[in-house]
Amino acid sequence: MPTAAIEVSALTKRYARLAALDAVDLLVTQGEFFGLLGPNGAGKTTLISIIAGLTRATSGWVRVMGHDVAEDYRAARRNLGVVPQELVFDPFFTVREMLRIQSGYFGLARNDDWIDEVMFHLDLTGKAEVNMRALSGGMKRRVLVAQALVHRPPVIVLDEPTAGVDVELRQGLWQFMRRLNRDGHTIVLTTHYLEEAQQMCGRIAMLKAGRIVALESTRELLRRIAGIQVAMRLRGALPPALRDQVIEEQSEHIVLRLSHPRDVGAALEACRSFGSEVEELEVGPADLEDVFLQVMAEGPARSLS
């Protein structure tokens, strides 16, 4: 059996009375494109910090490519590249100097060919000799991605990598990440752009209050949990009987979550009986955002694996 890319066992992190992580178990296999989703405060950043060796767990353990992040930190860190949420950079160096310095941390003295390739794919070539403090926020985030990749780690963690960046960078970044994933790199993604996770990730874990509440393939999450979405433009009020199915409401535009296509007719009849007219109707499969909202609203944490 191949070594897991990331293995997490009974991981707990407490701050006084707060449990940021509560006995989390997780296994990410080599070559996966894995999504880690959850609302703010769910424990995602704490989990990533522990995986990266930046925070010590209260109990439990984490291994990266078989190396314990606490007991064998150097080997674990060599196998891991992390793109953090925060824009942390040294203002005294150019882009190329930053990437050469980062390479040096991993003992890579002649790494310019790979640095050039990474900069090319992240559209940084034209900024190679520009000082970091002169870059825009989006360009600085590209450099953070490049820093995480300079030592060609087999496991890459992307913590909100496209927050605040333009569409062009997103498209270029995802093309590059798909290529790295095809080449065998394991990628773990956290994002609030759920359409990105739906398109990119083969398997997804959802965190809530420090516990994993869903762990499935993306396809299974959509099939087993979502049901369908019904978007309608309604003249008149929505019947009280349908209020619990509302997932979005803006003036006359309402989106409902229904369990099955056969429920559409009953919903339309309820509107007619209530004296409201459906002016427009669109029926389609629910997306990952709908699944996410449903899982987060289900109350106590539970495992779906």
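Residues numbered from 1 in each chain as written. Predicted model: local features only at pLDDT ≥ 70, side-chain atom pairs only at ≥ 80, totals over all residues. Heavy atoms only, no water.

A. Seen up close, the side chain of T94. Position of T94 relative to the elements: it lies in the loop between β6 (80–83) and α3 (95–105). Filtering out sequence-adjacent residues up to four positions away, T94 remains in contact with A128, E129, V130, N131 and M132. (Helix = DSSP H or I, 4+ residues; strand = E, 2+ residues; numbered from the N terminus. Contact = heavy atoms within 4.5 Å.)

B. Region of the structure containing the confidence of the model for the protein. When the pLDDT values of the protein are averaged, the result is 88; 96% of them are 70 or greater. Least confident of the elements in the protein is helix α8 (residues 218–226), whose mean pLDDT is 79; most confident is strand β5 (residues 67–68), at 96. Long-range and interchain partners of residues 301–305, a stretch whose pLDDT sits below 50, account for 14 contacts in this model, where long-range means more than four residues apart. (pLDDT = per-residue confidence, 0-100.)

C. Molecular detail of the layout of surface pockets. Approximately 530 Å³ is the volume attributed to the largest pocket. Surrounding the largest pocket, 25 residues form its lining, L54, R77, V82, P84 and Q102 being those nearest its centre. Where the lining of the largest pocket is concerned, the elements lending two or more residues are α1 (44–51), α2 (73–78), α3 and α5 (137–149). Tallying contributions element by element places α3 first for the lining of the largest pocket, with 4 residues. Tallied by class, the residues present in the lining of the largest pocket amount to 15 nonpolar, 6 polar and 4 charged. (1 Å grid on protein atoms, 1.4 Å probe; cavity = no way out; pocket = protein on both sides within 12 Å on 5 of 7 lines; lining within 4 Å. Points joined across faces, edges and corners; volume = space filled by probe spheres on them. Nonpolar A, V, L, I, M, F, W, Y, C, P; charged D, E, K, R; others polar.)

D. Expanded view of unusual backbone geometry. Phi is positive for A10, which is not a glycine, with a value near 50 degrees. With respect to the secondary-structure elements, A10 resides in strand β1 (residues 6–15). Even without being glycine, D123 reaches a positive phi, approximately 55 degrees. With respect to the helices and strands, D123 occurs in the loop between α4 (112–121) and α5. Judged by relative accessible area, D123 falls into the partly exposed class, the value being 45%. (Buried < 20%, exposed > 50% of the residue type's maximum accessible area, 1.4 Å probe, protein only.)

E. The sheet that holds strand β13 (residues 253–258), seen in detail. Taken in spatial order, the 4 strands line up as β12-β13-β11-β14 in an open sheet, and their pairing is antiparallel. Every interior strand has two partners, whereas the edge strands, β12 (246–250) and β14 (277–285), have only one. Each adjacent strand pair in this sheet contributes to an overall mean axis angle of 15 degrees, direction not counted. Both strand β11 (residues 228–235) and β13 contribute to a ladder of 6 bridges, which runs antiparallel. Paired with V230 across the two strands is L256, which belongs to β13. Relative to the sheet, helix α9 (residues 263–273) contacts β11, β13 and β14, its axis offset from that of β14 by approximately 160 degrees. (Pairing = 2+ DSSP bridges. Axes fitted to C-alpha atoms, helices over the stretch in contact; angles between N-to-C directions.)

F. Main features of the nonpolar core. Counting residues in hydrophobic clusters, the biggest one holds 46 residues, and the most contacted among them are M177 and M206. Aside from chain neighbours lying at most four places away, what touches M177 is F33, V145, L149, L158 and I187. (Core = buried A, V, L, I, M, F, W, Y, C linked by side-chain atoms within 4.5 Å.)

G. Spatial organisation of the packing of aromatic side chains. Counting across every chain of the model gives 0 aromatic pairs. Against the face of W61 rests R63, its NZ or CZ located 3.9 Å from the ring centre. (Phe/Tyr/Trp six-rings, centres within 6.5 Å; stacked < 30°, edge-to-face > 60°. Lys NZ or Arg CZ within 6 Å of the ring centre and 35° of its normal.)

H. Here's a closer look at the pattern of salt bridges. Here the structure, examined in full by the defined rule, presents 12 salt bridges. Its salt-bridge partner being R203, residue E32 comes within 2.8 Å of it at the nearest N-O pair. Of this pair, E32 sits in the loop between β2 (18–28) and β3 (33–37) while R203 sits in strand β9 (residues 203–208); the two residues are 171 residues apart in sequence, bridging distant segments of the chain. With a closest N to O distance of 2.6 Å, R243 and E249 form a salt bridge. Judged by relative accessible area, which is 38%, R243 ranks as partly exposed. (Salt bridge = Lys/Arg side-chain N within 4 Å of Asp/Glu carboxyl O.)

I. Geometry of the sheet that holds β2. Taken in spatial order, the 4 strands of this open sheet run β2-β1-β4-β5, and their pairing is antiparallel. Either end of the sheet is taken by a strand with one partner, and the two such strands are β2 and β5. Here 2 bridges tie strand β4 (residues 59–64) to β5, and the two strands are oriented antiparallel to one another. Note that in β5 the partner of V64 across the bridge is H67. Running over the sheet, α1 touches β1, β2 and β4 and is turned about 120 degrees from β1.

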